[in-house]
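# Fold and geometry: a report
This is what each chain is made of:
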Amino acid sequence: SSWWKNVEPAPKDPILGVTEAFLADPSPDKVNVGVGAYRDDNGKPVVLDCVREAERRIAGTSFMEYLPMGGSVKMVEETLKLAYGDNSEFVKDKRIAAVQSLSGTGACRLFADFQKRFCPGSQIYIPVPTWSNHHNIWRDAQVPQKTYHYYHPETKGLDFKGLMDDVKNAPEGSFFLLHACAHNPTGVDPTEEQWREISQLFKAKNHFAFFDMAYQGFASGDPARDAKSIRIFLEDGHHIGISQSYAKNMGLYGQRVGCLSVLCENEKQAVTVKSQLQQLARPMYSNPPLHGAQIVSTILGDPELKSLWLKEVKIMADRIIGMRTTLRESLEKLGSPLSWEHVTKQIGMFCYSGLTPEQVDRLTSEYHIYMTRNGRISMAGVTTGNVGYLANAIHEVTK
Ligand code: PLP
């Protein structure tokens with residue numbers, strides 16, 4: 001019984017802690033805009049129709065054996081096409097080392113471990129701010145972290161100059177973590193032109209770009225369009241890494257299905273790199289889970305189901321975009337003298353509202369509205385039913 005007496009309680013996760021507090025609140029007015037999970041306009045979690053249909057087709061299949069260490073070959077192949085393009089020469093030439101991962105988190109962690117093992121002494125540049133788990137992931141992989149400028153608090157947009165300066169001043173050949181689209185938590189993405197400039201500068205500095213793409217389809221409603229940043233880097237000849245996740249865009253959160261890929265110089269190198277990624281995965285979890293991979297490959301392997309999926313992604317993205325407009329208009333109608341332009345300018349699942357930690361505390365204590373203290377509103381939790389209440393509360397605490 002004295003084995004663990006030196007163990008202190010771990011600090012609460014800033015995001016998951018919000019949900020705990022929300023669940024414990026008995027108020028009928030309570031609103032949860034903390035967690036990054038999609039809700040429909042009734043505030044209910046959603047299982048996509050394409051997923052239901054895929055499950056119907058999978059049901060009764062007799063295969064329950066282990067997947068290969070690198071996961072479902074079919075799922076990985078379809079997943080690469082989403083990121084690199086349907087007709088990608090890199091996919092055709094087998095230049096991509098790719099393994100099925102435990103969703104986006106697992107892909108990031110596997111890459112961080114790979115980086116540590118094969119580029120010992122390297123660092124990772126992470127944007128400020130970023131998804132808080134990025135810090136945990138590279139910390140536990142024991143890769144030292146640096147930060148780069150990203151968000152401009154005054155404009156509530158991109159700090160492009162700060163970003164470019166940091167990219168320029170980083171040592172040649174540095175690793176950078178980039179959000180491919182729908183940056184979490186800010187909802188601020190570079191424009192296409194800015195991505196081109198970033199890519200050029202990366203080229204000049206010989207930096208490595210690792211794209212975390214947790215929200216493909218959630219920014220514009222079109223997965224191909226949301227991969228634009230990646231396609232620009234590919235056009236410029238970068239050898240990139242990508243983390244992909246089906247948590248949000250297929251609603252497969254708990255299935256933990258995603259993909260880690262690393263673009264290599266040739267097929268031989270890709271085979272070698274893949275063998276090492278598998279070697280890293282083996283002592284951690286041996287092989288990834290089956291069910292989610294079957295759902296994804298069933299959907300993406302069937303033209304009809306795939307087009308249903310694309311429709312459903314667009315419905316989710318459009319609902320969020322619509323809620324942004326309504327939230328902004330509601331605040332303006334209430335006579336708020338502040339500018340709420342950023343609510344509609346930002347994209348993806350989150351709105352980085354600019355609310356201070358104290359204002360967030362008031363929203364929670366006086367209005368039972370739950371969100372992280374950095375002022376991040378998950379727009380996926382905003383509905384026709386609560387947007388007016390939310391706008392009024394925000395107006396009151398920002399007076
Ligand atoms: N990366 C970013 C930027 C995220 O916001 C998230 C989820 O919130 C993830 C990765 C990973 O999510 P998952 O592991 O559920 O795919």
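Attention here is on the structure that accompanies the text. (Residues numbered from 1 in each chain as written. Predicted model: local features only at pLDDT ≥ 70, side-chain atom pairs only at ≥ 80, totals over all residues. Heavy atoms only, no water.)

Once that is clear, we can look at the overall build of the protein chain. Broken down by element type, the protein chain carries 16 helices and 13 strands. Looking at the protein chain as a whole, 54% of its 399 residues qualify as buried. Taking all contacts inside the protein chain whose residues are at least 6 apart in sequence as the whole, residues at least 24 apart take part in 76%. When the accessible area of the protein chain is evaluated, it comes to approximately 18400 Å², of which 53% is carbon and sulfur surface. One finds the centroid of the 44 positive side-chain charges in the protein chain at a distance of 3 Å from the centroid of its 45 negative side-chain charges. (Helix = DSSP H or I, 4+ residues; strand = E, 2+ residues; numbered from the N terminus. Buried < 20%, exposed > 50% of the residue type's maximum accessible area, 1.4 Å probe, protein only. Contact = heavy atoms within 4.5 Å. Areas by Shrake-Rupley, 256 points an atom, 1.4 Å probe, with all protein chains shown as cover. Lys, Arg positive; Asp, Glu negative; His and termini not counted. Charge placed at Lys NZ, Arg CZ, Asp CG, Glu CD.)

With that settled, the discussion passes to the sheet that holds strand β9 (residues 241–245). The strand order across the open sheet built from seven strands is β2-β10-β9-β8-β7-β3-β4, with neighbouring strands paired in mixed fashion. Unpaired on one side and paired on the other, β2 (96–101) and β4 (145–149) mark the two borders of the sheet. Along the sheet, successive strands turn relative to each other by an average axial angle of 25°, direction set aside. Both strand β3 (residues 124–128) and strand β7 (residues 175–179) contribute to a ladder of two bridges, which runs parallel. Opposite Tyr125, over in β7, you have Phe176 as the bridge partner. Of the strands in this sheet, β2, β3, β7, β8 (208–213), β9 and β10 (258–263) touch helix α5 (residues 103–118), which is tilted by about 155° from β9. (Pairing = 2+ DSSP bridges. Axes fitted to C-alpha atoms, helices over the stretch in contact; angles between N-to-C directions.)

Moving on, we get to a nonpolar patch on the surface. Together, Trp3, Trp4 and Val7 line one region of the surface with nonpolar side chains, adding up to about 500 Å² of accessible area. Take Trp3: it is sitting in the segment before α1 (16–24). Assessed through its relative accessible area of 74%, Trp3 is described here as exposed. (Patch = residues over 30% accessible without salt bridge, like charges linked within 9 Å, V, L, I, M, F, W, Y side chains within 5 Å. Salt bridge = Lys/Arg side-chain N within 4 Å of Asp/Glu carboxyl O.)

Looking only at helix α10 (residues 228–235), the buried set comprises Ser229, Ile230, Ile232, Phe233 and Leu234. The positive-phi residue at the C-terminal boundary of α10 is Gly237, with phi of around 85°.

The full count for this structure, using the stated rule, is 19 aromatic pairs. With centroids separated by 6.3 Å and ring planes inclined at 70°, the aromatic side chains of Tyr38 and Phe218 adopt a geometry described as edge-to-face. Pair noted here: Tyr38 is in the loop between β1 (31–32) and α2 (49–58) and Phe218 is in the loop between β8 and α9 (223–226), with a separation of 180 residues, a long-range link. For Tyr38, a relative accessible area of 5% translates into the label buried. (Phe/Tyr/Trp six-rings, centres within 6.5 Å; stacked < 30°, edge-to-face > 60°.)

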